[in-house]
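A structural walkthrough
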Amino acid sequence: MVVSRSLEVWKLGTVNYLKALKLREKFSSDRKVNKISDTLLSLQHPPTYTVGNRRTVHNLLIPESELRNIGAKLHYTRRGGDITFHGPHQAILYPIISLRDIRLGLRDYVGKLELTMVELASLYGVKACAGESGEMGVWVEDRKIGATGVCFSHGITSHGLAFNIDPDMNYFKNIVPCGIMDKEVTSLRRETSILLPADEVIHEQLITCFARVLGYTDITWKENPLTLSDNAEVEQDMNSSAS
């Protein structure tokens, strides 16, 4: 017998990283007390570098003072993993789901995030695979096309995955992506000869792959984000809490 499982998907467009963090915290709190069902946030960020909980900021290759000149920001996060880049033309999924409810361990969950990106790449004739031991994310030969970064609290996940559709690859030159010195970063645009559809179409395909891999049978689509304070107020709140 097939068990019906529901997933609520919020299509948010381009969202400031700190505002997205507030959204994730709100949804995570609601999910922990079963106020909402499993939820997926689909979005893009403006140019943003994030550092994982190992605080490997030494893998940022330019002074932080120069970030403003290239239109990027740096944020420290509670996810696993090393430094990475988020920006336009990159599909980001933040699953807010209960691993306990779906009886899935953290390692297997990360594997399913990787499989989600592998399946998306295959739609465009790109043969991708999960990284070898010690290499997180998804790779096309020795070129990384998708990253994972997971935060897990009280059985609920946050953070998630980022798949490169066609981001500005120059931003990756300013970091040691994921702390791996001798490997390149790539994108779907670079790896396929197929004419790509609009980003929104690829986002929806990624969501469909995620739902299938995780076993969700019912998807509810949402397009209006929760009303929060504006980006300036959010940033002020975060700076205060970090002191």
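Residues numbered from 1 in each chain as written. Predicted model: local features only at pLDDT ≥ 70, side-chain atom pairs only at ≥ 80, totals over all residues. Heavy atoms only, no water.

1. What to know about the pattern of salt bridges
Taken as a whole and judged by the stated rule, the model has 10 salt bridges. With its nearest N and O atoms 3.4 Å apart, the salt bridge here joins arginine 189 to aspartate 166. Here the residue arginine 189 occupies a position in helix α3 (residues 188-191), and aspartate 166 occupies one in the loop between β10 (156-164) and β11 (184-185), the gap between them amounting to 23 residues. On the basis of relative accessibility, which here comes to 39%, the residue arginine 189 falls in the partly exposed class. For aspartate 166, a relative accessible area of 29% puts it in the partly exposed group. What you see here is one network of salt bridges that share partners, running through Glu141, Asp142, Arg143 and Glu191. (Salt bridge = Lys/Arg side-chain N within 4 Å of Asp/Glu carboxyl O. Helix = DSSP H or I, 4+ residues; strand = E, 2+ residues; numbered from the N terminus. Buried < 20%, exposed > 50% of the residue type's maximum accessible area, 1.4 Å probe, protein only.)

2. Things to note about the packing of helix α2 (residues 106-122) against helix α4 (residues 199-214)
Any two packed helices are characterised by how steeply their axes cross, that is the angle between the axes, and by the distance between the axes. Two elements in contact, α2 and α4, have axes separated by 9 Å at closest approach and are oriented at 135°. Classified by the angle their axes make, α2 and α4 are oblique. When the axes of α2 and α4 are compared, the crossing they make is right-handed. Residue-level inspection shows Tyr109, Lys112, Leu113, Leu115, Thr116, Met117, Glu119 and Leu120 of α2 in contact with α4, the latter providing Ile202, Gln205, Leu206, Cys209, Phe210, Arg212, Val213 and Leu214. Residues of the contact of α2 with α4, tallied by class, amount to 11 nonpolar, 2 polar and 3 charged. (Axes fitted to C-alpha atoms, helices over the stretch in contact; angles between N-to-C directions. Parallel < 35°, antiparallel > 145°, perpendicular 65-115°, else oblique. Left-handed = near helix turned anticlockwise from the far one by under 90°. Contact = heavy atoms within 4.5 Å. Nonpolar A, V, L, I, M, F, W, Y, C, P; charged D, E, K, R; others polar.)

3. Examining the environment of histidine 75
Within the secondary structure layout, histidine 75 lies in strand β4 (residues 73-76). Residue classification places histidine 75 among the buried positions, given a relative accessible area of 13%. Once the C-alpha coordinates of histidine 75 and tyrosine 17 are considered, the two residues, 58 residues apart in sequence, prove to be 8.2 Å apart. Beyond its immediate chain neighbours, meaning those up to four positions away, histidine 75 contacts Tyr17, Leu18, Thr48, Tyr49, Thr50 and Val51.

4. Observations regarding unusual backbone geometry
Phi at glutamate 141 takes a positive value of approximately 55°, unusual for a residue other than glycine. A relative accessible area of 64% means that glutamate 141 is categorised as exposed. Backbone geometry at histidine 154 places phi at a positive 55°, although glycine is not the residue there. Residue histidine 154 is classed as exposed on the basis of its relative accessible area, which comes to 63%.

5. So, the nonpolar core
Residues Phe163 and Phe210 are the most contacted members of the largest nonpolar core, which totals 37 residues. Mapped onto this core, the elements with two or more residues apiece are β1 (6-14), β6 (90-96), α2, β8 (138-140), β9 (143-153), β10 and α4. Ranked by the residues each element gives to this core, the list is headed by α4, at 8 residues. Every residue in contact with phenylalanine 210, bar those within four places of it in the chain, is listed here: Leu7, Leu40, Leu93, Pro95, Ile97, Leu113, Thr116 and Tyr216. Within the second largest apolar cluster, 17 residues are counted, among which are Leu21, Leu23, Ile92 and Tyr94. (Core = buried A, V, L, I, M, F, W, Y, C linked by side-chain atoms within 4.5 Å.)

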